[in-house]
Amino acid sequence: MDLFRKVVCIVGLMVCAGAYAQQNEMMQRITGRDFDPATLLWYRQAADTWDDALPVGNGRLGAMIFGRTGEEIIQLNEDTYWSGGPYSTVVKGGHTKLKEIQELVFKEQFFEAQKLFGRYLMGYPVEQQKYQALGNIHLFFPEEKEVSNYHRWLDLETAVTTVQYSVKGVQYTREVFASEPDQAIVIRITADKPGAVSFKANLRGERNQQHSNYATDYFRMDGEGNDQLVLTGKSADYMGIKGALKYEVKLKAVIENGTISVDDENMVIQHADAVTLYLVAATNFVNYKDVSADAHSRVSRYLDALDGKDYEQLKQRHIQDHSKLFGRVTLQLPVTDLSYQPTDVRIKSVRYQSDPALAALGYQFGRYTLIASSRPGTQPANLQGIWNKDMNPWWDSKYTTNINIQMNYWAVESANLSECAEPLIKMVEELMDEGAAVAREHYGAKGWVFHQNTDLWRVAAPMDGSTWGTFTVGGAWLTTHLWEHYLYNPDQEFLKRMYPVLKGSVDFFMDFLVKHPTKGWLVTNPSNSPENFPDRPGNGKYFDEVTASFRPATNVCAGSTIDMQILHDLFGYYIKAANLLKLDADYTAKVQEAISLLPPPLVGKDGTLQEWLDDWGQTENSHRHLSHLYGLYPGNVLSFQKTPDVMPAVRAALEQRGDSSYGNAQWSLAWKIPLWARMLDGERANKILKLYLARHASPQFFTKGPMQIDGTMGLTAGVAEMLVQSNEGYVDLLPAVPAEWNAGKANGLKVRGGFEINMTWKDRKPVQLNIHSSSGMIFRLKKAGAALTLRDSRGKLIKPRSGENNMIEFPTRAGENYLVQFK
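What comes next is a walk through the structure. In this text, all values refer to a predicted model and were calculated from it rather than measured experimentally.

**Quick notes on helix H12 (residues 492–512)**
Then, in step 1: The end-to-end C-alpha distance of H12, which contains 21 residues, comes to 30 Å, matching closely the 30 Å that a straight helix rising 1.5 Å per residue would cover.
Then, in step 2: Helix geometry: H12 is bent most strongly at Met498, by close to 40°, with proline Pro500 lying one to four residues after it.
Then, in step 3: A distance of 3.0 Å separates the backbone nitrogen of Glu493 from a side-chain oxygen at the start of H12, and that oxygen is part of Asp491.

What follows is the structure in structure tokens.
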């Protein structure tokens, strides 16, 4: 017996009783309604489908836990397992057709312009690579035919998911967590009677069986020694790109008493007191250009590092690591009887019964999801985070950047998870590589550009078809996240690192912008408003030669509203960064002049904010994308302070889109929550939040249908905006809190300027505000008419300066705390 097993067996007997006490304590808390309804998901039945399973993740490894009896399934992912290998989609010389395309757009020959773009400026291959499922653990419990007292839960505070039930008088418990410190998924199976744990385990691979012409993702399932199962394989060739990734997965069992044996594919355990399974996995991926690593040696290192650590040590290391992030923020909203019901019951009932605490649980689940899918050193959270069961997932489970990946990260700063933004930041830096080649070859421009999708290999050219491909501001939109990261965490070194990224995006658009021949403004051309089709003369259905399908209409244009709003932000943020770093004064003056030549917000004849430069109508009033409202949220172009005269048109545009969402765009409804919060309408935001949960949330808050995490994260961002806003240069407390949230407490929220706040409120008015300053910047607060006292951490009274519009401000010292009490 190796040292690993000896240590675990000896210590396992000692801790078994203690572990059961902890597990039964949680059961008692659930039945006794003595738990936090904002941090615990629980159910009385196992998952019927993958969409009902509970997720765990360490940023790199992900698993979906079904919690089944008889046959348990744990579905696995590794964030670098994609189809294909390093490749480029740049088409050389495409820029020679750019001027002709622009002239056709200005002449309103839109079909001809769209066709020419499709022929010469699209990337090749036109499609991109797919995020892949890694495999599945199957655990067979033949004696579990009749089960009683079943419960399963996910504790967001510990990131441990638990299943507990009884069979023939024996209580069984299974715990699963994904450890970031130890880079393993850990499964613990126990019983309250000695020798009662018996099961068979399989570790199965996945293969793309739908398209045999490129399903070259072969795998092998083997046993190793008497306590391990091994899965090895490679990625699929796709779109002519060779599958260059190799992977290895190992499942190791450590038993406490009983017997264990392994044949070719099966691990059989009989009459153990308890069993711990350790799952480790890796690929040969190094970065988007390099796949030279050795998956086997990586897996061996991960497994060797577990040697000598017992289950409780691993669990405590995991909880401590997770708690450092998750425990930063707590949110208490009013609790009702419904708040203590199973989570699936709460979600189904929320439209008709009051349960404000469900919004807090949705908010915290979004934070949990981001911690589990995006850690420093991992890939960014993709369309499905890191959880994907399919070899042909919806939209390839890529990084879609005309809304979706941005939405994944809207809440990362305010939710006090700034470290979790690092994978996104790194991806933006990596996109500059191919983005510079696309700028040069497709547009004849300097700098870098990125469109509406990328994958593990960081390709940047237009893809899918010209309906989508003329969206040139995907990269510019991503750069706004870099500026937001700086605003929340003022750091000159970070700003220096990001300056070339911002400037490179600005460089491209300073070359690409062209003067409109009749309107005189600087505009993007070609352009589009994502996936929407304007109602303009002669527009209609046509057959597209790139996608080999009928498209509803053309959508190419010049200067779409979202383009202009994103560039307004990009240029403005760049100028601020350059001024802070005292760089490129002459160039910033030119960029400032360009801002003055961008089209302003325009109001159409129907009273809504125009989505396009021309006053075209909507072919679909309730279209899922709200692109022309980017400037309201997440952007910083439209507001009651900056553009008061335009806000009625902004509201009219929101009303036009309605309070629902259609098709596979559940994220659209989630987007409307922060939009209405920015409109300072808490009742409308809360109504939509409840509608989103009731219609589109799976039992664990992922979206129904094609699972995406953007809706999950959009809800988190929406709740944050309802509680506090800081985008206007001051802190506005409770700007969109509905009557249902009449009292509450929020600790650990971050606001721009490098501040962390704790606040309590009653009757929808702040009672107390604690402020921690990490940067030493001036703190500005909207008083909302309330009298207040301000003290520093030593209790000394401070007299703040009064400003316009009922504002106060006071200087802070880095590391100092301040207390505001409202009267």
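**Observations regarding the environment of Ala717**
Then, in step 1: Tracing the chain through its elements places Ala717 in helix H18 (residues 710–723).
Then, in step 2: C-alpha of Ala717 to C-alpha of Ala665: the two residues are 52 residues apart in sequence and 17 Å apart in space.
Then, in step 3: With sequence-adjacent residues up to four places away left out, Ala717 is seen in contact with Trp410, Ala411, Tyr633 and Pro674.

**Some points on the packing of helix H17 (residues 682–696) against H18**
Then, in step 1: Close contact between H17 and H18 brings their axes to 11 Å; oriented N to C, the two are set at 160°. Relative to H18, H17 is oriented roughly antiparallel. In the crossing of H17 with H18, the sense of the turn from one axis to the other is left-handed. Facing Gly682, Ala685, Asn686, Leu689, Tyr692 and Leu693 of H17, the residues of H18 in contact are Gly711, Thr712, Leu715, Val719 and Met722.

**Regarding the packing of helix H9 (residues 422–443) against helix H11 (residues 474–488)**
Then, in step 1: Running from N to C, H9 and H11 cross one another at 135°; their axes reach a closest spacing of 10 Å. Relative to H11, the element H9 is oriented oblique. Relative to H11, the crossing made by H9 is left-handed. Side by side, H9 and H11 meet where Leu424, Ile425, Met427, Val428 and Leu431 of the first sit next to Leu478, His481, Leu482 and His485 of the second.
Then, in step 2: Of the residues assigned to the contact of H9 with H11, the class counts are seven nonpolar, two polar and no charged.

**Topic: the pairing of strand E6 (residues 148–155)**
On a regular strand, each side chain points to the face opposite its neighbour's, so the side chains alternate between the two faces of the sheet.
Then, in step 1: In terms of burial, E6 is a largely internal element, six of the eight residues being buried.
Then, in step 2: With six bridges joining them, E6 and strand E7 (residues 160–167) adopt antiparallel strand pairing. Looking at E7, one finds that His151 is bridged to Gln164.
Then, in step 3: As consecutive antiparallel partners, E6 and E7 are separated by four residues, and within that stretch Ala159 has a phi angle of approximately 60°, a positive value.

**Overview of unusual backbone geometry**
Then, in step 1: That bond from Tyr124 to Pro125 is cis: its omega, -5°, falls within 30 degrees of zero.
Then, in step 2: With respect to the helices, strands and loops of the structure, Pro125 is situated in the loop between helix H3 (110–120) and strand E5 (135–140).
Then, in step 3: The omega angle of the peptide bond from Tyr633 to Pro634 is 10°, so this bond is cis rather than trans.
Then, in step 4: Secondary-structure assignment places Pro634 in the loop between strand E25 (617–618) and helix H15 (647–657).
Then, in step 5: With a phi close to 50°, Asp584 is a non-glycine residue in the positive phi region.
Then, in step 6: Tracing the backbone shows Asp584 in the loop between helix H13 (561–581) and helix H14 (585–596).
Then, in step 7: Of the residues examined, Asp584 reaches a relative accessible area of 34% and is grouped as partly exposed.
Then, in step 8: In this model, Leu680 sits at a positive phi of 65°, which is unusual for a non-glycine residue.
Then, in step 9: One can find Leu680 in the loop between helix H16 (666–678) and H17.
Then, in step 10: Given a relative accessible area of 38%, Leu680 falls into the partly exposed group.

Analysis parameters
- Residues numbered from 1 in each chain as written.
- Predicted model: local features only at pLDDT ≥ 70, side-chain atom pairs only at ≥ 80, totals over all residues.
- Heavy atoms only, no water.
- Helix = DSSP H or I, 4+ residues; strand = E, 2+ residues; numbered from the N terminus.
- Expected span 1.5 Å × (residues − 1).
- Bend = angle between axes of the 7 residues up to and from the residue.
- Polar contact = N/O pair within 3.5 Å; in protein donor to acceptor, adjacent residues only side chain to side chain.
- Contact = heavy atoms within 4.5 Å.
- Axes fitted to C-alpha atoms, helices over the stretch in contact; angles between N-to-C directions.
- Parallel < 35°, antiparallel > 145°, perpendicular 65-115°, else oblique.
- Left-handed = near helix turned anticlockwise from the far one by under 90°.
- Nonpolar A, V, L, I, M, F, W, Y, C, P; charged D, E, K, R; others polar.
- Buried < 20%, exposed > 50% of the residue type's maximum accessible area, 1.4 Å probe, protein only.
- Pairing = 2+ DSSP bridges.

Structural measurements only, silent on function.
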